[in-house]
Amino acid sequence: DKKINSSGYELKKDSFKFYNNKDQEKYKFNGIIDFKPFYLSADFNLKEINFENILRENSFVLELLKSEILNNENINLDIGFQINKLEQKNDFKNLDIKLKIEEGLIYLRGSKLNWLNAVQMELLDSAIYIDQNNIGINGSIKIDISDLDEVYSYFQTGNKFRTKFSNIFLDFNYDFNKKQITFENILIDEASDQNVSNFFDDFNKKNQSIENKVYFKKLMNDFFKIYAG
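For the structure given in this document, a descriptive report is provided here. (Residues numbered from 1 in each chain as written. Predicted model: local features only at pLDDT ≥ 70, side-chain atom pairs only at ≥ 80, totals over all residues. Heavy atoms only, no water.)

**Here's the deal with the overall build of the protein chain**
Across its full length, the protein chain carries 5 helices and 14 strands. Here the protein chain holds 229 residues, and the buried ones make up 36% of them. Counting contacts in the protein chain only where the partners sit at least 6 residues apart, residues at least 24 apart contribute 40% of the total. Roughly 14300 Å² of accessible area belongs to the protein chain as shown, and the carbon and sulfur atoms make up 48% of that amount. (Helix = DSSP H or I, 4+ residues; strand = E, 2+ residues; numbered from the N terminus. Buried < 20%, exposed > 50% of the residue type's maximum accessible area, 1.4 Å probe, protein only. Contact = heavy atoms within 4.5 Å. Areas by Shrake-Rupley, 256 points an atom, 1.4 Å probe, with all protein chains shown as cover.)

**Quick look at the pattern of salt bridges**
All told, the structure shown has 7 salt bridges when counted by the stated rule. Residues aspartate 78 and lysine 100 are paired through a salt bridge, measuring 3.7 Å at the closest nitrogen-oxygen approach. In this pair, aspartate 78 sits in strand S6 (residues 77–86) while lysine 100 sits in strand S7 (residues 89–102), placing the two residues 22 residues apart along the sequence. Here aspartate 78 falls in the partly exposed class, since its relative accessible area comes to 29%. For lysine 100, a relative accessible area of 25% gives the class partly exposed. (Salt bridge = Lys/Arg side-chain N within 4 Å of Asp/Glu carboxyl O.)

**Overview of the environment of serine 197**
Summarising the element assignment, serine 197 is placed in helix H4 (residues 194–206). For the pair serine 197 and tyrosine 227, spaced 30 residues apart in the sequence, the C-alpha separation amounts to 10.0 Å.

**Some thoughts on unusual backbone geometry**
In the segment running from lysine 36 into proline 37, the intervening peptide bond is cis, with an omega of -10 degrees. Secondary-structure assignment places proline 37 in the loop between strand S4 (27–34) and strand S5 (39–49). The phi torsion at asparagine 117 lies on the positive side, around 55 degrees, for a residue other than glycine. Tracing the backbone through its elements, the reader meets asparagine 117 in the loop between strand S9 (112–115) and strand S10 (119–123).

**Concerning the side chain of asparagine 114**
For asparagine 114, the location among the structural elements is in strand S9. Looking at asparagine 114, its side chain comes within polar contact range of the main-chain nitrogen of asparagine 117, at 3.0 Å. (Polar contact = N/O pair within 3.5 Å; in protein donor to acceptor, adjacent residues only side chain to side chain.)

**As for the side chain of serine 140**
Position of serine 140 relative to the elements: it lies in strand S12 (residues 134–145). Overall, serine 140 belongs to the buried group, its relative accessible area being 14%. Among the polar contacts made by the side chain of serine 140, one reaches the main-chain amide nitrogen of aspartate 125 at a distance of 3.4 Å. Sequence-distant contacts of serine 140, that is, excluding residues within four places in its chain, are made with Glu122, Leu123, Leu124, Asp125, Ser126, Leu170, Asp171 and Phe172.

The structure is reproduced here in structure tokens:
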């Protein structure tokens, strides 16, 4: 084994292993590359990350996706990122990204995120797509709510609109360039609600971004009011 800055690697004829020592506090990683056929499997454990910088316009990650280098049928990757918290976003913790690239397709299924220690979100059949230099992610998401009172408190929702429910399933599409998202096929506690469907149909037509915190808070409270009837 060779040592490089408290990290290690092992090179063999058909593979390359890499890892760091367990005493690293801010990050840990390990993985293996098989050369024939090419396959990379790796896990990274990070204490903190600035997610906004990763996804900002002209960032390395977005430019890499735009280059379509990863859209190669000969590249197969299976990478996990476990992130304890997002910098400047203390409400989000335990981000678990599962990135799988297979036959030119980029999947994120199984990725999870904890919000407020009250909501667990999991991407189901989700994938990153690139269409004429436009990057987006679409698929479905499962939202399990363990502490609905904490969610209502966060949004300062009025008591008469605090209807009980425990999970939400929905399909979504997010456009990184326009920073716009659409929602479809919403199920609350495994049941559809026509008023809720109409509400999100109207939201989709407006093509508005939900990155503004004030607007997002209003949007969620309007949703709670519609669902409460």
